[in-house]
Amino acid sequence: MNPANQQDSACLEPVVLVRTAGLLAVAGGLVNAVSDYLLQGGLIAGSAVNTYANLADAPYELVALGSIIGNAALPFWLLGFLPLYVALAPAGRWLSALPVFFLGYVFTLFPGYHGSYALYAAGFQAGRAAPPELSQVLGTLVERLHGYHDMMISLIGVFSVTGSLLFLLAVLSGRTLFPRWIAVLTPIVVPLTQPYIEMLPAPFGGIVRPAWGTLMFTMLFLAATVVTWNVSPGRASANRHPT
């Protein structure tokens, strides 16, 4: 192999790594979307239902399957932070690293959050079916499950807001590889829009609501993969704005 071909090959390898990481993140997101529908008992073309609030009525076997599939797929999302970092890199060291750190931490929490749905469903359904002599004990169990869920939401919320604001700052600066409109895919947009998604009438609500957050996050990783498709990490860093 002549020196020119060796140089081309050396430049291509990091690009392929970024592409592969991005595509695996997108694939993991699509699999997780399937698991989201299982958490509500399958694809239901009807009015929107809050998945967590409906766990007492959802078929437990499907909820458990959805929890396991989601746990298996969610770690692939972490690979998506490689193309995301490359896309943010021209904005400067801090504006690229900090959003990835905070949002990456949030995404490490998602498997524990998602996988707990099977436990929630088991507890809520046991509490509903409890005979009178066990109602107090199982009522305490249900109350503690709700408390644990609320604490997880709070923990995710703190890091998600911080990471999202930093991501917005980087994207709106105009110095990243992203067009500014990508700001609509900022992770914090999901909880802000979810109440409105729950207002969608049948049959759209039942189709859109369960996987709304998952698909939004997956679109962010898809956008990062697209804009970095032919960009090597070294070239993105070399073009970084001074900070």
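Our subject is the structure that appears above.
Residues numbered from 1 in each chain as written. Predicted model: local features only at pLDDT ≥ 70, side-chain atom pairs only at ≥ 80, totals over all residues. Heavy atoms only, no water.

Caption draft 1: How the structure looks around the overall build of the protein. Within the protein one finds 10 helices and zero strands. Starting at the N terminus and walking to the C terminus, you meet the elements of the protein as α-α-α-α-α-α-α-α-α-α. Taking the principal axes of the C-alpha coordinates as reference, the protein spans close to 80 × 40 × 35 Å. When contacts within the protein are restricted to residue pairs at least 6 apart in sequence, those whose partners lie at least 24 apart make up 81%. Summed over its atoms, the accessible surface of the protein is roughly 12,000 Å², and 70% of this surface lies on carbon and sulfur atoms. In the protein, 9 side chains carry a positive charge and 9 a negative one; their mean positions are 20 Å apart. (Helix = DSSP H or I, 4+ residues; strand = E, 2+ residues; numbered from the N terminus. Contact = heavy atoms within 4.5 Å. Areas by Shrake-Rupley, 256 points an atom, 1.4 Å probe, with all protein chains shown as cover. Lys, Arg positive; Asp, Glu negative; His and termini not counted. Charge placed at Lys NZ, Arg CZ, Asp CG, Glu CD.)

Caption draft 2: Geometry of the nonpolar core. With 45 residues, the main nonpolar core has L84, F167 and F178 as its most contacted residues. Listing elements by their share of this core, those giving two or more residues are α1 (3-39), α3 (81-88), α4 (93-115), α5 (117-129), α6 (135-172) and α9 (212-227). Tallying contributions element by element places α4 first for this core, with eight residues. Setting aside residues up to four positions removed in sequence, L84 forms contacts with V100, F167, F178, L220 and A224. (Core = buried A, V, L, I, M, F, W, Y, C linked by side-chain atoms within 4.5 Å. Buried < 20%, exposed > 50% of the residue type's maximum accessible area, 1.4 Å probe, protein only.)

Caption draft 3: Region of interest: the environment of L55. Of note, L55 is situated in the loop between α1 and α2 (60-73). Residue classification places L55 among the buried residues on the basis of a relative accessible area of 0%. Between the C-alpha atoms of L55 and A121, which are 66 residues apart in sequence, the distance is 5.0 Å.

Caption draft 4: Here's a closer look at the packing of aromatic side chains. Evaluated as defined, the whole model comprises 21 aromatic pairs. Each ring, one from Y52 and one from Y120, has its centre 5.4 Å from the other, and the planes form 90 degrees; the classification is edge-to-face. Note that Y52 is positioned in the loop between α1 and α2 and Y120 in helix α5, a separation of 68 residues in sequence. Across the pair, Y120 and Y52 agree in class, each one buried. In this structure an aromatic cluster arises from ring pairing among Y52, Y113, Y117, Y120, F124 and Y148. (Phe/Tyr/Trp six-rings, centres within 6.5 Å; stacked < 30°, edge-to-face > 60°.)

Caption draft 5: Summary view of the packing of α4 against α5. One way to put it is that α4 packs onto α5 with a least axis distance of 4 Å and a crossing angle of 25 degrees. Taken together, the axis directions place α4 and α5 in an arrangement best described as roughly parallel. Of the residues in α5, those in contact with Y113, H114 and G115 of α4 are Y117, A118 and L119. Residues of the contact of α4 with α5, tallied by class, amount to four nonpolar, two polar and no charged. (Axes fitted to C-alpha atoms, helices over the stretch in contact; angles between N-to-C directions. Parallel < 35°, antiparallel > 145°, perpendicular 65-115°, else oblique. Nonpolar A, V, L, I, M, F, W, Y, C, P; charged D, E, K, R; others polar.)

Caption draft 6: Geometry of the pattern of salt bridges. A complete count under the given rule lists two salt bridges for this structure. Here R128 and D57 are joined by a salt bridge, their closest N and O atoms 2.3 Å apart. Here R128, found in helix α5, pairs with D57, found in the loop between α1 and α2; they are 71 residues apart in sequence, far enough to count as distant. Measuring nitrogen to oxygen at the nearest pair gives 3.0 Å for the salt bridge that ties R209 to E198. One end of the pair, R209, is in the loop between α8 (204-208) and α9; the other, E198, is in the loop between α7 (189-197) and α8, and 11 residues separate them in sequence. Given a relative accessible area of 7%, R209 falls into the buried group. (Salt bridge = Lys/Arg side-chain N within 4 Å of Asp/Glu carboxyl O.)

Caption draft 7: Quick look at the environment of L169. Position of L169 among the secondary structure elements: in helix α6. The spatial distance from the C-alpha of L169 to the C-alpha of Y113 is 27 Å, given a sequence separation of 56 residues.

Caption draft 8: Local environment of the side chain of S116. Along the chain, S116 falls in the loop between α4 and α5. For S116, a relative accessible area of 8% translates into the label buried. In this structure the side chain of S116 is engaged in a polar contact, spanning 2.6 Å, whose partner is the backbone oxygen of G112. (Polar contact = N/O pair within 3.5 Å; in protein donor to acceptor, adjacent residues only side chain to side chain.)

Caption draft 9: Focus on α6. Compared with the 56 Å implied by 1.5 Å per residue over 38 residues, the 53 Å span of α6 between its first and last C-alpha is a close match. At the C-terminal side of α6, G174 shows a positive phi close to 80 degrees. (Expected span 1.5 Å × (residues − 1).)

Caption draft 10: Local environment of a nonpolar patch on the surface. Nonpolar side chains collect at one region of the surface, where L24, F76 and L79 lie side by side and expose about 230 Å² of accessible area between them. Under the relative-accessibility criterion, F76 is labelled partly exposed at 37%. (Patch = residues over 30% accessible without salt bridge, like charges linked within 9 Å, V, L, I, M, F, W, Y side chains within 5 Å.)

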